[in-house]
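Below are the chains, spelled out letter by letter.
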Amino acid sequence: MKILLFTLLLLSFIQAKSISLLLPHQYDAAVHQLNSHLMHAKSHVTLLTPHLQSHALKKSLLALIKKSITVTLITTSKHHMATELVQYENIKFYLLKNRALNFSLIIIDDKFTCKLSAALDEKSMKSELSFFECSDVKYMIEDSKKILRAVTPHIEPYLKENF
């Protein structure tokens, strides 16, 4: 029994995938990696970033919207591409208040995560040195969810409903 359990655990580690890339040198690979995983999303995607300004990412997010997948955007600024997406029904847009943010985090269906040591901003991703890491390893996903839970008390909806 112990051997079977150890074998199953070992197989789960072998099948788990992680990729680390250095931007701007591997920008195209990073965008491809992120977009390919976004296209396989089934229920929800969460993006935490100081700034969202990427046409490639916007295209993928619009495709998710058409598939009725919930997209949650959490940013520190309302002056970027995310405000263009707020008009869609399954977009939830929040602002992070009174906190500086200098990294980006993406969680896809609680099964895949990406971390970027910069904003999801095409211009800076193509010019500034940053680290991009994606994984389906369970402890990395849990770590990303823990970060998101720590941020959640400090967010408020971009559009406040007054009834």
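Residues numbered from 1 in each chain as written. Predicted model: local features only at pLDDT ≥ 70, side-chain atom pairs only at ≥ 80, totals over all residues. Heavy atoms only, no water.

A few words on the confidence of the model for the protein chain. Of the residues in the protein chain, 88% have a pLDDT of 70 or more, and the chain-wide mean is 86. The secondary-structure element of the protein chain with the lowest mean pLDDT is helix α1 (residues 2-15), recorded at 43, while strand β6 (residues 104-108) shows the highest, at 97. Here residues 4-14 scores under 50 on pLDDT; set against residues more than four positions off or in separate chains, the count is zero contacts. (pLDDT = per-residue confidence, 0-100. Helix = DSSP H or I, 4+ residues; strand = E, 2+ residues; numbered from the N terminus. Contact = heavy atoms within 4.5 Å.)

This paragraph deals with helix α6 (residues 138-151). Along an α-helix, residues three or four apart share an orientation, since each turn contains 3.6 residues. The terminal C-alpha atoms of α6, which comprises 14 residues, lie 20 Å apart, in line with the 20 Å expected from a rise of 1.5 Å per residue. Of the residues making up α6, those classed as buried are M140, I141, S144, L148 and V151. Relative to the axis of α6, the buried residues are bounded by an arc of 100 degrees and lie together on one face. Opposite the buried face of α6, at more than 90 degrees from it, the exposed residues are K138, Y139, K146, R149 and A150. (Expected span 1.5 Å × (residues − 1). Buried < 20%, exposed > 50% of the residue type's maximum accessible area, 1.4 Å probe, protein only. Arc of directions from axis to C-beta.)

Next up on the list: the pattern of salt bridges. Considering all chains together, one arrives at three salt bridges under this definition. For E122, the salt bridge identified is with K126, shortest N-O distance 3.6 Å. With a gap of four residues between them, E122 and K126 both fall in helix α5 (residues 122-127), about one helical turn apart. Note that E142 and K145 form a salt bridge whose closest N and O atoms lie 3.4 Å from each other. Taken as a pair, E142 and K145 lie in helix α6 at a separation of three residues, close to a single helical turn. Take E142: its relative accessible area is 34%, and that puts it in the partly exposed class. (Salt bridge = Lys/Arg side-chain N within 4 Å of Asp/Glu carboxyl O.)

Once that is clear, we can look at the environment of I147. Note on placement: I147 falls in helix α6. A relative accessible area of 26% means that I147 is categorised as partly exposed. Each C-alpha atom of the pair I147 and L105 lies 8.8 Å from the other, and the pair is 42 residues apart in sequence.

Once that is clear, we can look at helix α3 (residues 55-66). In this model, α3 (twelve residues) spans 17 Å end to end at C-alpha, consistent with the 16 Å of a helix rising 1.5 Å per residue. Of the residues making up α3, those classed as buried are L57, S60, L61, L64 and I65. Buried residues along α3 cover an arc of 145 degrees about the axis, so they all sit on one side. Exposed positions of α3 whose direction lies more than 90 degrees from the buried face are H55, K59 and K66. Where α3 terminates, the next one or two residues include S68, which has phi positive at roughly 60 degrees.

Our focus in this paragraph is unusual backbone geometry. In this model, L23 is joined to P24 through a cis peptide bond whose omega is 10 degrees. Here P24 shows up in the loop between β1 (18-23) and α2 (27-39). Residue S68 is not a glycine yet carries a positive backbone phi of 60 degrees. For S68, the location among the structural elements is in the loop between α3 and β4 (70-75). Positive phi outside glycine occurs at D110, with the angle close to 55 degrees. For D110, the position within the fold is in the loop between β6 and β7 (112-116).

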